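Topology and contacts: notes
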Amino acid sequence: MAAGVATWLPFARAAAVGWLPLAKKSMPKPPSDNKSRNDEILIVNVSGQRFQTWKNTLDRYPDTLLGSSEKEFFYNEETQEYFFDRDPEMFRHILNFYRTGKLHYPRHECIQAFDEELAFYGIIPEIIGDCCMEEYRDRKKENLERLAEDTEAEMSTDAPLPPDSTSRERLWRAFENPHTSTMALVFYYVTGFFIAVSVIANVVETVPCRPPKGRVKDLPCGEKYSLAFFCMDTACVMIFTFEYLMRLFAAPSRCKFMRSVMSIIDVVAIMPYYIGLVMPENEDVSGAFVTLRVFRVFRIFKFSRHSQGLRILGYTLKSCASELGFLLFSLTMAIIIFATVMFYAEKGTKETNFTSIPAAFWYTIVTMTTLGYGDMVPNTIAGKIFGSICSLSGVLVIALPVPVIVSNFSRIYHQNQRADKRKAQQQDRHSGSQALCVRNRSSFEQQHHHLLHCLEKTTNHEFTDEHTYSEVCMAESVGYRTSRSTSISSHQGLSTSCCPRRAKRRAIRLANSTVSVSRGSVQELDTLHIQKSSIVPQSRSSLNARTQDLKLNCDDTDFTAAIISIPTPPANTPDESLPSSPGIPSILRNSRQLGDCSGSFTHETVKISSL
Amino acid sequence: MGIVMGTFSMQPKQGGFRKDKAEDELEMTVVCHRPEGLEQLEAQTKFTKRELQILYRGFKNECPSGLVNEDTFKQIYAQFFPHGDASTYAHYLFNAFDSGQNGSVKFEDFVMALSILLRGSIREKLRWTFNLYDLNKDGYINKEEMTDIVRAIYDMMGKYTYPVLRDEAPRQHVDAFFQKMDKNKDGVVTLDEFIASCQEDDNIMQSLQLFENVI
């Protein structure tokens, strides 16, 4: 709920006077507000800069550090102020959040520093206002990419392996980071050399050589020196196969390795050779075999292990997938439109090149990319007009997504340069430990619930949730006599009811253990976060217990459950006795004993969901 | 091509016109209202200076312009009743608060109403309530007005209630109300009948004391 709505609550409650003459039942007693009426000014000293604000302002968000009693840890008795040894510049934004209810992200600040401040003060970044959310997300993404680069770089550091690593691990290290040992370096260069040799051989074998004696026609070198080329190819493939098998053996996760792009390239590079060995010298099949040889050119991609720039290019294309997709889509649309137009424009001409729309596709593509081969030209005037429109629009369509791709590429490239230059140590990543979120049920919620309770009394109906409503609808008068256990368990499952409904109350009463149902769950306003799961069922149902404030365990510091009591309407109390459900009696019995520990508030984590 | 360029260049001018109108509207809504002095308000209401300060700070924070119009009011009120539809009842409430009937609630209206509701005498509170129920402000509450109000209240409960809300529930409620309030059975309830009947009912008398410590 917006912070400001709390201002209007007294107004809404006062307006409830209008229901009174209509009410069939008497109204429940309002919650007593223990907090002092006088609003005081708090001084928050952040690294010397003093901020002052009303206490109520900070209390608007009880699930943050400043709004909860957690700030008492930072209270300085001598100077009577709260001292935080944090960045005062950032604190300004944090405090503005309390004042205005909107969190803004300052553009000039580092995203990580901002995130750390938010985490310290217990504010979740999701509530950043729409005005700054875009910027925040972009910067966050950029930062995450940079961190991912770091992890990648760190994983393959030059630090020596622990001495007890297996040979497999060492082998993997050698493959991933060739600079670790001389053997690895040698292997690295050897494979690089052989990739180059293989690619050059592929290229050269198609060059026409002088025909041998007795022939007239020029022969491609591949056929003249076929044995030599075959031997070279065999040698390369043997090296590649050996390398692939070594990598497969050394890989820590073989499945992951086999799925990676580089391994697929490796496989595609060497498969044609083996398929060629296996395949018989058949006329029909050799045609397909020839096609397979094309795949040998993929060996050039193996260079990407050796070249950083190639990897960056690949990564850029991957990250710009959406822009590329858009480019492709818009080009396709334009091609189809213009091809159709050109075809029909040129239809009349004799001996035209535009024989069909697909034939016109070629013309459109060549024109839009401003290539203009000239093998297909329009002859009619209409065709020429549309042809010129086509070429002009082609420039536009291609020019639009290209800057996005370019900027992406430059960003990634620069990031890579930074990562290379840096000799970073392991960064202690802030491992997501939540700030201790100690909350207390705010008086706002109490009062709001009292208001809703008054409305219930006025209309003599109760709020319930969809689930219970459909149950009741179906099972009429018998429906609510459910067993107590299911009622309590379904109570935990409810997410939208205001008060766990009469169903539970009647069922509990029937079972002769009465638990007065007061403003039990506050789920439509907030969800209870469970910290200690063992105590959860009790704490949930304990909200129903009618008791005064009490503490569950005085000496248990990590979890204290207190129950805010909301006095129930008189009509329901007379026949109440101590409930006999397993968890609750212990709570109540403790309350009798620990009479001196009264007066503390619930220490459950409460997350206020937005309305 | 020239035609195309021409049409494109025409657009900004129209946009300019639209922008001017928007700016005018903006100026009109930024009219600020400042309340009368603190002493005057203290004299007119039963709040202390401290309380008025707190109230005004909250009010000003939410409505910097100093005025609340009906839509804003409905939105605010609806936040307290997420289960159902609070807009009708909020409309009636707004009319009751808006003493000048000019479509917006100022801080003074706000504070006067609160003063009556929280610190006023029984008679004043009941009169305010009567004013709320009397939709057309003619001094009489008839069955239609009452039905409208009761239906609006039931709307706030929403769909999922226990027991299931029947269509005749509001009407029954109204009938019960008239049974109690309409002394001379003439079909309308006057202010005196209303106050007298309420004073006879202990429940209502007790409940009226409940909201005194809201501020």
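Parameters at a glance
- Residues numbered from 1 in each chain as written.
- Chains lettered and ligands numbered in written order.
- Predicted model: local features only at pLDDT ≥ 70, side-chain atom pairs only at ≥ 80, totals over all residues.
- Heavy atoms only, no water.
- Helix = DSSP H or I, 4+ residues; strand = E, 2+ residues; numbered from the N terminus.
- Contact = heavy atoms within 4.5 Å.
- Areas by Shrake-Rupley, 256 points an atom, 1.4 Å probe, with all protein chains shown as cover.
- Pairing = 2+ DSSP bridges.
- UniProt positions renumbered as here; feature names shortened; annotations may be inferred.
- pLDDT = per-residue confidence, 0-100.
- Buried < 20%, exposed > 50% of the residue type's maximum accessible area, 1.4 Å probe, protein only.
- Phe/Tyr/Trp six-rings, centres within 6.5 Å; stacked < 30°, edge-to-face > 60°.
- Lys NZ or Arg CZ within 6 Å of the ring centre and 35° of its normal.
- Axes fitted to C-alpha atoms, helices over the stretch in contact; angles between N-to-C directions.
- Salt bridge = Lys/Arg side-chain N within 4 Å of Asp/Glu carboxyl O.
- Core = buried A, V, L, I, M, F, W, Y, C linked by side-chain atoms within 4.5 Å.
- Buried area = accessible area lost by both parts, 1.4 Å probe.
- Polar contact = N/O pair within 3.5 Å; in protein donor to acceptor, adjacent residues only side chain to side chain.
- Left-handed = near helix turned anticlockwise from the far one by under 90°.
- Nonpolar A, V, L, I, M, F, W, Y, C, P; charged D, E, K, R; others polar.

Helix and strand counts for chain A come out as 23 helices and nine strands. In chain A, once contacts between residues fewer than 6 apart in sequence are set aside, the share between residues at least 24 apart is 69%. Here chain A displays about 32,800 Å² of accessible surface, and carbon together with sulfur accounts for 60% of that area.

Residues and elements named next belong to chain A. Bridging between strand 1 (residues 41-46) and strand 4 (residues 81-84) involves three bridges; their strand directions are parallel. Within strand 4, the residue paired with valine 44 across the bridge is tyrosine 82. Summarising the sheet, strand 3 (residues 75-76) and strand 4 pair through two bridges and their orientation is antiparallel. Directly across from asparagine 76, in strand 4, lies its bridge partner glutamate 81. In this antiparallel pair of consecutive strands, strand 3 and strand 4, the connection spans four residues, and glutamine 80 shows a positive phi of 55°.

Residues and elements named next belong to chain A. According to UniProt, the positions carrying the feature "transmembrane region" (unreviewed entry) are residues 183-204, 224-245, 257-279, 324-345, 357-373 and 385-406. Counting secondary structure, residues 224-245 comes out at 95% helix and 0% strand; the distance between its end C-alpha atoms is 33 Å. When the span residues 357-373 is considered, its composition is 71% helix and 0% strand, and the gap between its end C-alpha atoms is 18 Å.

All names here are of chain B. Confidence in the prediction for chain B averages 80 pLDDT; 85% of positions are at 70 or higher. Taken as a whole, residues 12-16 scores under 50 in pLDDT and shows zero contacts with residues more than four places along the chain or in a different chain. Reported confidences for the modelled complex are a pTM of 0.49 and an ipTM of 0.77.

Once that is clear, we can look at the side chain of B:Thr129. Looking at the secondary structure, you find B:Thr129 in helix 7 (residues 122-133). Judged by its relative accessible area of 0%, B:Thr129 falls in the buried class.

So, about the UniProt feature "domain: EF-hand" (unreviewed entry) in chain B. Residue and element names in this part refer to chain B. The UniProt record marks residues 85-120, 121-156 and 169-204 with the feature "domain: EF-hand" (unreviewed entry), using the residue numbering of this structure. Helix makes up 67% of residues 85-120 and strand 8%, and the two end C-alpha atoms of the span are 29 Å apart. Annotation note: span residues 121-156, helix share 72%, strand share 8%, distance between end C-alpha atoms 28 Å.

Further remarks concern the packing of aromatic side chains. Applying the stated criterion to the full structure yields 48 aromatic pairs over all chains. Taken together, a centroid distance of 5.0 Å and an interplanar angle of 90° make the contact between A:Phe120 and A:Tyr121 edge-to-face. We classify A:Phe120 as partly exposed; its relative accessible area is 22%. In this structure A:Tyr121 comes out as buried when scored by relative accessible area, which is 0%. Centroid distance B:Tyr133 to B:Phe194: 6.0 Å. Interplanar angle 90°. Geometry classified as edge-to-face. Residue B:Tyr133 is located in helix 7, and its partner B:Phe194 is located in helix 10 (residues 191-200); the two are separated by 61 residues in the primary sequence. The two residues B:Tyr133 and B:Phe194 agree in class, both being buried. One Lys or Arg, A:Arg86, reaches over the ring of A:Phe120 and ends 4.0 Å from the middle of that ring. The lysine or arginine in question, B:Lys143, covers the ring of B:Phe178, its NZ or CZ lying 5.6 Å from the ring centre.

Paired through backbone hydrogen bonds, the strands of a sheet run either parallel or antiparallel to each other. All names here are of chain A. The sheet built from four strands is open, its strands ordered 2-1-4-3 with mixed pairing. The sheet terminates laterally at strand 2 (49-54) and strand 3, the two strands that pair on one side only. Contacting strand 1 and strand 2, helix 3 (residues 88-100) crosses the sheet at an angle of about 5° to strand 2.

The next subject is the pairing of strand 2 of chain A. Residues and elements named next belong to chain A. The pairing of strand 1 with strand 2 spans six bridges and is classified as antiparallel. Pairing of asparagine 45 across the sheet is with arginine 50, part of strand 2. What sits between strand 1 and strand 2 in their antiparallel hairpin is a turn of two residues, with serine 47 showing a positive phi close to 50°.

What follows deals with the pattern of salt bridges. On inspection of all chains with the given rule, the structure shows 22 salt bridges over all chains. Three or more residues joined by partner-sharing salt bridges are found here, namely A:Glu243, A:Arg247, A:Asp266, A:Lys302 and A:Arg305.

This paragraph deals with the nonpolar core. Of all hydrophobic cores here, the largest spans 76 residues; its most connected members are A:Trp19, B:Tyr77, B:Phe80, B:Phe81 and B:Phe110. Per element, the largest residue contribution to this core is eight residues, and it comes from helix 8 (residues 143-157) of chain B. In this structure, A:Leu42, A:Tyr82, A:Ile94 and A:Tyr121 belong to the second largest nonpolar core, which totals 27 residues.

The next subject is the environment of B:Ser87. Residue placement: B:Ser87 occurs in helix 5 (residues 87-97). For the pair B:Ser87 and B:Ala152, spaced 65 residues apart in sequence, the C-alpha separation works out to 8.1 Å.

What follows is about the interface of chain A and chain B. Reports often express the size of an interface as the amount of accessible area lost when the parts come together. Counting residues at the interface gives 60 residues for chain A and 58 residues for chain B. When chain A packs against chain B, close to 5,300 Å² is buried across both sides, 72% of that on carbon and sulfur atoms. Sorting the residues of chain A by area buried against chain B places A:Trp8, A:Phe11 and A:Leu22 first, and these three jointly supply 15% of that buried surface. Elements supplying a minimum of two residues to the side of chain A that touches chain B: helix 1 (5-15), helix 18 (443-459), strand 7 (462-463), helix 19 (466-475) and helix 21 (502-510) of chain A.

Here the focus is the confidence of the model for chain A. Residue and element names in this part refer to chain A. When pLDDT is averaged across chain A, the result is 72; 69% of the residues are at 70 or more. Low pLDDT (under 50) marks residues 423-440, which in the prediction has 28 contacts with non-local residues, meaning those over four places away or in another chain. Scored below 50 in pLDDT, residues 479-611 shows 228 contacts in the model against residues more than four places distant or in partner chains.

Let us now look at helix 6 (residues 167-176) of chain A. Residues A:Arg173, A:Ala174 and A:Phe175 constitute the buried set of helix 6 of chain A. On the buried face of helix 6 of chain A, the contacting elements are helix 7 (182-204) and helix 9 (226-250) of chain A.

So, on to unusual backbone geometry. Of note, the amide linkage connecting B:Tyr162 to B:Pro163 takes the cis form, showing an omega dihedral of -5°. For B:Pro163, the location among the structural elements is in the loop between strand 4 (161-162) and helix 9 (169-181). The phi angle at A:Asn460 is positive, at roughly 60°, despite the residue not being glycine. The topology assignment puts A:Asn460 in the loop between helix 18 and strand 7.

The subject of this paragraph is the environment of B:Glu42. Residues and elements named next belong to chain B. Examined against the element boundaries, glutamate 42 turns out to sit in helix 2 (residues 38-44). Take glutamate 42: its relative accessible area is 30%, and that puts it in the partly exposed class. Sequence-wise, glutamate 42 and leucine 52 are ten residues apart; in three dimensions their C-alpha atoms are separated by 7.5 Å. Filtering out sequence-adjacent residues up to four positions away, glutamate 42 remains in contact with Phe47, Thr48, Lys49 and Leu52.

All right, on to the environment of B:Asn136 then. Residue and element names in this part refer to chain B. Here asparagine 136 is to be found in the loop between helix 7 and strand 3 (140-142). According to the relative accessible area criterion, asparagine 136 is partly exposed, its value standing at 46%. Asparagine 136 sits 41 residues away from asparagine 95 along the chain, and the two C-alpha atoms are 9.9 Å apart. Of note is the side chain of asparagine 136, whose polar atom sits 3.3 Å from the side chain of glutamate 145.

Below, the discussion takes up the packing of helix 1 of chain A against helix 18 of chain A. All names here are of chain A. For the pair helix 1 and helix 18, interaxial distance at closest approach is 10 Å and the crossing angle is 35°. Note on packing geometry: the crossing formed by helix 1 with helix 18 is left-handed. Contacts from Val5, Ala6, Leu9, Ala12 and Arg13 of helix 1 reach helix 18 at Phe444, Gln447, His448, His450 and Leu451. Its residues assigned to classes, the contact of helix 1 with helix 18 comprises six nonpolar, three polar and one charged.

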